[in-house]
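Notes for the structure review
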Amino acid sequence: MDNLKGMAWMTLAMLAFALTDMFMVFAAREMPVWQILFLFGTGGAILFGLWARAQGHAWFGPALVMRPVILRNLAEVFATVCFVIALSRIPLSTLSAVIQANPLLVTLGAALFLGEKVGWRRWLAIGVGLCGVLLILRPGAESFDPDILFAVGAAIGLSMRDLATRPVPKSVPTPLLASYSFAALAVAGGGVLFVVGGWVWPTPMIGLSIPAAILLGMVAYFAITAAMRVGEIAAVTPFRYTRLVFAFFIAMVVFGESIDATTVAGVAIVIATGLYSLWRERQARLAR
């Protein structure tokens, strides 16, 4: 195992994801959510489908109708709808901060729905981490923005997707799973767009945002796969949090956002408890 290379691959993946979010913000300024889902989903389904085909996997197969795959696709659609709406309504820095609760929510979901044993220390970490999320959200404060609940929905949806991924057989390759998810986005977006209408022809620059986001998404998926293959999970996984560093930088430099001390404090709590939870999970596995 080469942990240094694994860390580098994971950092590259998080940079690619942060840049994807940036281009999606540009797109959300001109195009309706359902159009973005349709274009993003169609492009992603085709490219990842070709990737899977190049590996020798047929797109139409038993995996397409597996219950975990169907549940994963539904969660992906829910998460992406919430995510894109949030991108168009709240600061990128706020959305990125809330999304960092994903590892804690996955641990919580695994304990509640998958029967995974979670000790009192990890339960405590989850509770403290959720308090950190509340610091970011600030419900009841004058500055509270109800649109931030879309970010919460995105975090929950992404956690549901990750939980649904666990029962998927390892024989189903990542590019094929990704292609199915993107296809679900295209069907959902195209279906709603067909019913409600509202197609918008974007300017050339904004029109390039979707292809750029798709290509960067492919880079991110490839980099994550490479990271998990060359490095130990315990060493590589914490570098997922570098996405927040890149997101904050983009939010401040590109979009002129300011990040207050309360948000930073909340993020620090969420990341610290997330890392602790990952460490305790590794210790529990080693003790078995």
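Below you will find a few notes about this structure. (Residues numbered from 1 in each chain as written. Predicted model: local features only at pLDDT ≥ 70, side-chain atom pairs only at ≥ 80, totals over all residues. Heavy atoms only, no water.)

Considerations on the overall build of the protein
Operational definition: Only DSSP runs of H or I covering at least 4 residues are called helices, and only runs of E covering at least 2 are called strands; the numbering of each starts at the N terminus. Burial classification: accessible surface area is computed with a 1.4 Å probe over protein chains only, and a residue below 20% of its type maximum counts as buried, one above 50% as exposed, and the rest as partly exposed. Any two residues whose heavy atoms approach within 4.5 Å are treated as being in contact. All accessible areas in this document rest on Shrake-Rupley with a 1.4 Å probe, and a residue is counted as covered only by the protein chains that are shown.
Along the backbone of the protein there are 13 helices and zero strands. Counting from the amino terminus, helix and strand elements in the protein follow one another as α-α-α-α-α-α-α-α-α-α-α-α-α. Each of the three principal axes of the protein carries a C-alpha extent, and together these read 50 × 50 × 35 Å. Buried positions account for 47% of the 288 residues belonging to the protein. A sequence separation of at least 24 residues applies to 89% of the contacts in the protein between residues at least 6 apart. Accessible surface, the protein: about 14,100 Å² in total, of which carbon and sulfur atoms supply 71%.

Side note on the packing of helix α3 (residues 67-89) against helix α4 (residues 92-99)
Selection criterion: Axis definition: a line fit to C-alpha positions, over the contact stretch in the case of helices; interaxial angles, taken between N-to-C directions, run 0 to 180 degrees. Under this grouping Gly is polar, as are all residues other than the nonpolar Ala, Val, Leu, Ile, Met, Phe, Trp, Tyr, Cys and Pro and the charged Asp, Glu, Lys and Arg.
At a minimum axis separation of 8 Å, α3 and α4 run at an interaxial angle of 145 degrees. Contacts between α3 and α4 involve F83, A86 and L87 from the first element and L92, L95 and I99 from the second. Classifying every residue of the contact of α3 with α4 gives six nonpolar, no polar and no charged.

Focus on the environment of T11
Counting through the fold element by element, T11 comes out in helix α1 (residues 3-28). Residue classification places T11 among the partly exposed residues on the basis of a relative accessible area of 22%. Expressed as a C-alpha distance, the spacing of T11 and P103, which sit 92 residues apart in the sequence, is 17 Å. Setting aside residues no more than four positions away along its own chain, T11 makes contact with F239, T242 and F246.

Focus: the pattern of salt bridges
A pair can form between side chains of opposite charge whenever their charged atoms are brought close. For the record, the criterion: For this analysis, a salt bridge means a side-chain nitrogen from Lys or Arg found within 4 Å of a carboxyl oxygen belonging to Asp or Glu.
Within this structure, the stated rule accounts for four salt bridges. With a closest N to O distance of 2.9 Å, R243 and D21 form a salt bridge. Here R243 is found in helix α12 (residues 242-253), whereas its partner D21 is found in helix α1, with 222 residues between them in sequence. In this structure, R243 and D21 share a single accessibility class: buried. The structure contains a network of salt bridges with shared partners spanning E76, R161 and D162.

Brief notes about helix α2 (residues 33-54)
Each α-helix winds once per 3.6 residues, and so residues spaced three or four apart point in a common direction. Heads up, the rule is: The span one expects for a helix is its residue count, reduced by one, times 1.5 Å.
Between its first and last C-alpha, α2 extends 31 Å over 22 residues, near the 32 Å set by a 1.5 Å rise per residue. Among all positions in α2, only V33, Q35, I36, L37, F40, G41, G43, G44, A45, F48, G49 and A52 are buried. Immediately downstream of α2, the backbone of G56 shows phi near 95 degrees, a positive value.

Side note on the packing of aromatic side chains
Put simply, the rule reads: Stacked, tilted and edge-to-face are the three classes assigned to paired rings of Phe, Tyr and Trp, where Trp is represented by its six-membered ring and a pair needs centres within 6.5 Å; plane angles under 30 degrees give stacked, over 60 edge-to-face, the rest tilted.
Scanning the entire structure with this criterion turns up 13 aromatic pairs. When the ring of F38 is compared with that of W199, the centres are 6.4 Å apart and the planes differ by 70 degrees; the resulting orientation is edge-to-face. Placement of the pair is F38 in helix α2 and W199 in the loop between α8 (174-196) and α9 (204-207), with a sequence separation of 161 residues. Judged by its relative accessible area of 36%, W199 falls in the partly exposed class. Three or more aromatic residues joined by ring pairs form one cluster here, namely W9, F17, F40, F48, W51, F182, Y221 and F222.

Side note on the side chain of R161
Note that R161 resides in helix α7 (residues 149-165). Other than its neighbours up to four places away in sequence, R161 contacts R72, A75 and E76.

As for the nonpolar core
As a reminder, the rule being used: For this analysis, a nonpolar core means a set of buried residues of the types Ala, Val, Leu, Ile, Met, Phe, Trp, Tyr and Cys, connected via side-chain atoms within 4.5 Å.
Among the nonpolar cores identified, the biggest contains 60 residues, and M24, I36 and L95 are the most heavily contacted of them. A per-element tally of this core places α3 first, with nine residues. Discounting chain neighbours no more than four positions away, the residues touching I36 are M24, A27, A28, M31, G41, V84 and I210. Ranked by size, the runner-up nonpolar core spans ten residues in total, among them M10, M14, A227 and V236.

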